[in-house]
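Analysis of the macromolecular model
The residues making up each chain are set out below.
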Amino acid sequence: MAATNFDLNGKRILVTGGSGFLGRQVIRQLQLAGAELNKVTVPRSQACDLRSMENCQRVVEQQDLVIHLAAHVGGIGLNREKPAELFYDNLMMGVQLIHAAYQAGVKKFVCVGTICAYPKFTPVPFKEDDLWNGYPEETNAPYGIAKKALLVQLQSYRQQYGFDGIYLLPVNLYGPEDNFDPGSSHVIPALIRKIYEAQLKGDRQIPVWGDGSPTREFLYSEDAARAIVMATQSYSQPDPVNLGTGSEISIKDLVALICQLMDFDGEILWQTQHPNGQPRRCLDTTRASQTFGFLAQTPLEQGLKDTILWYKNSLAPQSSD
């Protein structure tokens, strides 16, 4: 399908989650693509709880474009500890924001979903057409299903109302400004912090959940942001689109690579009593390249170096508190 060319110049843009690590990159990419910073609104969760319909209605007023990045999300630990919150918060934020945007006459809605929506045993590489062929991995399911429901909503609103909503499925993201909180971080920032703190204390061992066998695909946050903005400008179809690199790495090899980049030669204690999560994750990225020309540019090793450097320069001095 030909590009739709949604021109960002002069548009009033709402970016939920715009102060997060992906959101800040998306705003930078919006600027590079012609958006005006003084027309970009970023609601903060402390002042604007998007689980409230009134707040959703208020923030979408007079907006031309909504990019919905806000999510209550974390790693396996948070998924196991707070499944009900993850389901309710993500469903209510998204459902109400989409409905309010449609009612307010927003011209385009960009919803960023999650790789957790895919079935537990999806054939690798994951193709968008396999999204409904099974139940998600159990620890991810409440979050993944809440986010997947928003795809159905956008497709329904397009069909009935002609509402221009698109749905993007990024693989696991990482990069500078990521969440390094040990209680809710994903695997890459969690490992970087764990290794750094072990070095600080002189520890020769670090514990890592699972047995290292699962594979994951990782997309650098700047690449993800560029993909989101490219899709905003040039994609207008009901079908979901994967955003990724198309290559996977085992957790065991990822740990070895981060240890090598951080000069840590201690022992890895695999905590096999903890879950592995989904066995494999790797995306088919054909649709993104064919429909709006996105290809990831940042190799994993370079992205990890940049993330480690950012952590050491920005957060590491407080890590030992």
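Described in the following lines is the structure provided in the data block. Because the structure is a prediction, the values reported are computed rather than measured. (Residues numbered from 1 in each chain as written. Predicted model: local features only at pLDDT ≥ 70, side-chain atom pairs only at ≥ 80, totals over all residues. Heavy atoms only, no water.)

**Concerning the overall build of the chain**
Here is the rule we go by: What counts as a helix is a DSSP run of H or I of at least four residues, what counts as a strand is a run of E of at least two, and both are numbered from the N terminus. The reference for a compact globule is 2.2 Å times residues^0.38; the radius of gyration itself is calculated from the C-alpha atoms. For every accessible area listed, the method is Shrake-Rupley and the probe measures 1.4 Å; residues are considered covered only by the protein chains on display. Residues scored as charged are limited to Lys and Arg (positive) and Asp and Glu (negative), so that His and the chain ends carry no count. Every charge is mapped to an atom, namely NZ of Lys, CZ of Arg, CG of Asp or CD of Glu.
Summing up its helical and strand segments, the chain has ten helices and twelve strands in all. For 321 residues, the compact-globule formula gives about 20 Å, and the C-alpha radius of gyration of the chain, at 19 Å, lands near that figure. Overall size of the chain, expressed as C-alpha extent along the three principal axes, is 60 × 40 × 35 Å. Working note: accessible area of the chain is about 13800 Å², and carbon and sulfur atoms make up 48% of it. The distance from the centre of the 29 positive side-chain charges to the centre of the 34 negative ones in the chain is 3 Å.

**Here we look at the nonpolar core**
Put simply, the rule is: Nonpolar core, defined: a set of buried Ala, Val, Leu, Ile, Met, Phe, Trp, Tyr and Cys residues in which side-chain atoms within 4.5 Å join the residues together. For every residue, the accessible area obtained with a 1.4 Å probe (protein chains only) is divided by the maximum for its type, and the residue is called buried under 20%, exposed over 50%, and partly exposed between those limits. For this analysis, residues touch if any pair of their heavy atoms sits within 4.5 Å.
Among the nonpolar cores identified, the biggest contains 64 residues, and Val 26, Leu 30, Val 60, Phe 109, Ile 228 and Phe 292 are the most heavily contacted of them. With residues near it in sequence (within four places) discarded, Phe 109 still touches Val 66, His 68, Leu 97, Ile 98, Ala 101, Leu 154, Phe 163, Asp 164, Gly 165 and Ile 166. Ranked by size, the runner-up nonpolar core spans 26 residues in total, among them Ile 195, Ile 251, Leu 254 and Ile 308.

**Some details on the sheet that holds strand E3 (residues 65–68)**
Worth spelling out the cut-off: Pairing between two strands is assigned when DSSP locates at least 2 bridges connecting them. Think of each axis as a best-fit line through the C-alpha atoms, taken over the contacting stretch in the case of a helix, with angles from 0 to 180 degrees between the N-to-C directions.
Spatial ordering of the open sheet is given by E2-E1-E3-E4-E5-E10, a layout of six strands whose pairing is parallel. Looking at which strands have only one partner, the edges of the open sheet turn out to be strand E2 (40–41) and strand E10 (241–243). Direction of pairing for strand E1 (residues 13–16) relative to E2: parallel, over a ladder of two bridges. What sits directly across from Ile 13, in E2, is Val 40. Against the sheet, helix H7 (residues 221–234) contacts E3, strand E4 (108–112), strand E5 (165–170) and E10, and its axis sits at roughly 150° relative to E4.

**Details of the packing of aromatic side chains**
Applied cut-off: Working definition: a ring pair exists when centres of Phe, Tyr or Trp rings (six-membered ring for Trp) sit within 6.5 Å. Plane angles under 30 degrees give stacked, over 60 give edge-to-face, the rest tilted.
What the rule picks out here adds up to twelve aromatic pairs. Relative to Phe 163, the ring of Tyr 102 has its centre 6.2 Å away and its plane inclined at 75°; by these criteria the two rings are edge-to-face. Pair noted here: Tyr 102 is in helix H4 (residues 83–104) and Phe 163 is in the loop between helix H5 (141–161) and E5, with a separation of 61 residues, a long-range link. Of the residues examined, Tyr 102 reaches a relative accessible area of 27% and is grouped as partly exposed.

**Brief notes about unusual backbone geometry**
Across the junction of Val 124 and Pro 125, the peptide omega takes the value 0°, indicating a cis bond. Its place among the elements puts Pro 125 in the loop between E4 and H5. Even without being a glycine, Asp 263 presents a positive backbone phi close to 55°. Tracing the chain through its elements places Asp 263 in the loop between helix H8 (251–261) and strand E12 (267–271).

**Some points on H8**
A turn of α-helix holds 3.6 residues, and therefore any two residues three or four places apart point the same way. Those residues of H8 lying buried are Ile 251, Leu 254, Val 255, Leu 257, Ile 258, Cys 259 and Leu 261. Within two residues after H8, Asp 263 carries a phi angle of roughly 55°, on the positive side.

**Comments concerning the environment of Glu 61**
Here Glu 61 lies in the loop between helix H2 (53–60) and E3. Taking the C-alpha atoms as reference points, Glu 61 and Pro 238, separated by 177 residues in sequence, lie 24 Å from one another.

**Considerations on the packing of H8 against helix H10 (residues 300–314)**
Where we set the bar: Any angle that is under 35 degrees is reported as roughly parallel, and any over 145 degrees as roughly antiparallel; angles of 65 to 115 degrees are reported as roughly perpendicular and all others as oblique. When the near helix sits turned anticlockwise from the far one by under a right angle, the crossing is termed left-handed; a clockwise turn instead gives a right-handed crossing. Note on residue classes: Ala, Val, Leu, Ile, Met, Phe, Trp, Tyr, Cys and Pro are nonpolar, Asp, Glu, Lys and Arg are charged, and everything else, Gly too, is polar.
The geometry of H8 relative to H10 is characterised by a closest axis approach of 11 Å and an angle of 55° between their N-to-C directions. As far as their axial angle goes, H10 and H8 are oblique. The handedness of the crossing between H8 and H10 is right-handed. From H8, Leu 254, Leu 257, Ile 258 and Leu 261 reach across to H10, where they touch Leu 300, Glu 301, Leu 304, Lys 305 and Ile 308. Residue composition of the contact of H8 with H10, grouped by class: seven nonpolar, no polar and two charged.

**So, the environment of Arg 226**
Under the convention used in this document: Side-chain atoms alone can form a polar contact between residues adjacent in sequence; in general such a contact is a pair of N or O atoms within 3.5 Å, and within protein one must be able to donate a hydrogen while the other accepts it.
Its place among the elements puts Arg 226 in helix H7. Taking the relative accessible area as the measure of exposure, Arg 226 reaches 17% and is therefore buried. Measuring from C-alpha to C-alpha, the distance between Arg 226 and Gly 75 comes to 24 Å, with 151 residues separating the pair along the chain. Excluding residues that lie within four positions of it along the chain, Arg 226 makes contacts with Gln 29, Phe 294, Leu 295, Ala 296 and Gln 297. A polar side-chain atom of Arg 226 sits 3.1 Å from a polar atom in the side chain of Asp 223.

**A word on the state of the cysteines**
The test is simple: For the purposes of this analysis, a disulfide is any pair of cysteine sulfur atoms at a distance within 2.5 Å.
Using the criterion set out here, one finds zero disulfides in the structure. Sulfur of Cys 111: no disulfide; nearest cysteine sulfur belongs to Cys 56 and is 12 Å away. The buried category is assigned to Cys 111, whose relative accessible area is 0%.

**Regarding the pairing of E1**
Residues Ile 13 and Val 15 line one face of E1 and the alternating positions Leu 14 and Thr 16 line the opposite face, and both faces are buried. Examined bridge by bridge, E1 and E3 share four bridges and lie parallel to one another. Along E3, the bridge assignment pairs Val 15 with Ile 67.

On their own, these measurements won't tell you what the molecule is for.
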